[in-house]
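Structure at a glance
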Amino acid sequence: DVRGCSLQKMIDIYFNPIELTLANQPGTGNRTMVALYTIDSVLVLIIGCINFVILTTAKATQRAREVAMRKVVGARFKQLFIQFLGESLLITFMAFLVAVAITEVALPFCNTLMDLELAVPYTSPAGYIFALFLVTMVGLLGGLYPAFVLSRFSPAKVLKSNQETDAGGSFKLRNVLVIFQFTASMALIISI
């Protein structure tokens, strides 16, 4: 008798198995936990971007003379902006390579410790596209504001004063970012 049967999409089986006997088996998932872990990972990524922005804008005051001298010899805002954004993307890409190396070293220990069989899907083209997209977005989002701050230093003010300078409201923004960072960290600690 087919009247009591129903169809289910293959992609839904992991989270919503039709058969009640499968509902509590180890092969099924919990959407709430996946959503929480996703939110946590996004918060960690945002905290990392905020750290990068804070450190780069704080370091910007030390690069003020370099920027001023480059502007004096003819560098334009666009050239400086692209240079600093490129530096941000390069740093993000190098951090990604370090993260992949750490993952390769740590994954066997984690699998043993937690009795799992996790593996990085190196043969998946979608994984490469996602990783490239993620690295590019993190590099751009983390580097846009510092590139803007560094590129708009006024050569006259920097070279006239014998001290380091703070570009506009970057100090105030750093304070706001630090407060947000601590709030996000507290949220992560609470959710864990």
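All values derive from a computational prediction rather than experimental measurement. (Residues numbered from 1 in each chain as written. Predicted model: local features only at pLDDT ≥ 70, side-chain atom pairs only at ≥ 80, totals over all residues. Heavy atoms only, no water.)

Turning our attention to the packing of aromatic side chains. Applying the stated rule across the entire model yields 2 aromatic pairs. The interplanar angle of 25 degrees and the centroid separation of 5.8 Å between the aromatic rings of Phe77 and Phe81 together place this pair among those described as stacked. Of this pair, Phe77 and Phe81 both sit in helix H3 (residues 77-114), 4 residues apart, which is roughly one turn of that helix. Judged by its relative accessible area of 38%, Phe77 falls in the partly exposed class. Ring geometry for Phe77 versus Phe148: centroids 6.0 Å apart, planes at 80 degrees, classification edge-to-face. Placement of Phe77 in helix H3 and of Phe148 in helix H4 (residues 125-151) is noted, with a sequence separation of 71 residues between them. Aromatic rings pair up to connect Phe77, Phe81 and Phe148 into one cluster. (Phe/Tyr/Trp six-rings, centres within 6.5 Å; stacked < 30°, edge-to-face > 60°. Helix = DSSP H or I, 4+ residues; strand = E, 2+ residues; numbered from the N terminus. Buried < 20%, exposed > 50% of the residue type's maximum accessible area, 1.4 Å probe, protein only.)

So, about the nonpolar core. Within soluble globular proteins, side chains that are nonpolar generally end up buried alongside one another. Among the nonpolar cores identified, the biggest contains 9 residues, and these are Ala64, Val67, Ala75, Leu80, Phe84, Leu85, Ala147, Leu150 and Phe153. Counting only elements with at least two residues in this core, the list comes to helix H2 (64-72), H3 and H4. Take this core: its biggest share by element is 3 residues, from H3. (Core = buried A, V, L, I, M, F, W, Y, C linked by side-chain atoms within 4.5 Å.)

The subject of this paragraph is the packing of H2 against H3. Direction vectors running N to C along H2 and H3 enclose 140 degrees, while the axes themselves pass 11 Å from each other. For the element pair H2 / H3, the angle class is oblique. Remark: the crossing between H2 and H3 carries right-handed chirality. Touching Glu66, Val67, Arg70 and Lys71 of H2 are Leu80, Gln83 and Phe84, all from H3. For the contact of H2 with H3, the class distribution of residues is 3 nonpolar, 1 polar and 3 charged. (Axes fitted to C-alpha atoms, helices over the stretch in contact; angles between N-to-C directions. Parallel < 35°, antiparallel > 145°, perpendicular 65-115°, else oblique. Left-handed = near helix turned anticlockwise from the far one by under 90°. Contact = heavy atoms within 4.5 Å. Nonpolar A, V, L, I, M, F, W, Y, C, P; charged D, E, K, R; others polar.)

A word on H4. With 27 residues, H4 should reach 39 Å at 1.5 Å per residue; the first-to-last C-alpha distance of 37 Å fits that figure. By the largest-angle criterion, Gly143 marks the main kink of H4, which is about 40 degrees, and a proline, Pro146, follows within four residues. All buried positions along H4 are accounted for by Ala131, Val135, Val138, Gly139, Gly142, Gly143, Pro146, Ala147, Val149, Leu150 and Ser151. (Expected span 1.5 Å × (residues − 1). Bend = angle between axes of the 7 residues up to and from the residue.)

Okay, the side chain of Gln181 next. Examined against the element boundaries, Gln181 turns out to sit in helix H6 (residues 170-191). Its relative accessible area of 11% is what places Gln181 among the buried residues. Those residues in contact with Gln181 that sit more than four places away from it in its chain are Ile47, Ile50, Asn51 and Ile54.

What follows deals with the side chain of Asn111. Within the element layout of this structure, Asn111 appears in helix H3. According to the relative accessible area criterion, Asn111 is buried, its value standing at 14%. Polar side-chain contacts of Asn111 include one of 2.8 Å to the backbone oxygen of Leu118. If near-sequence neighbours (up to four positions away) are discounted, Asn111 is found in contact with Leu116, Glu117 and Leu118. (Polar contact = N/O pair within 3.5 Å; in protein donor to acceptor, adjacent residues only side chain to side chain.)

Coordinates in, geometry out; function isn't part of it.
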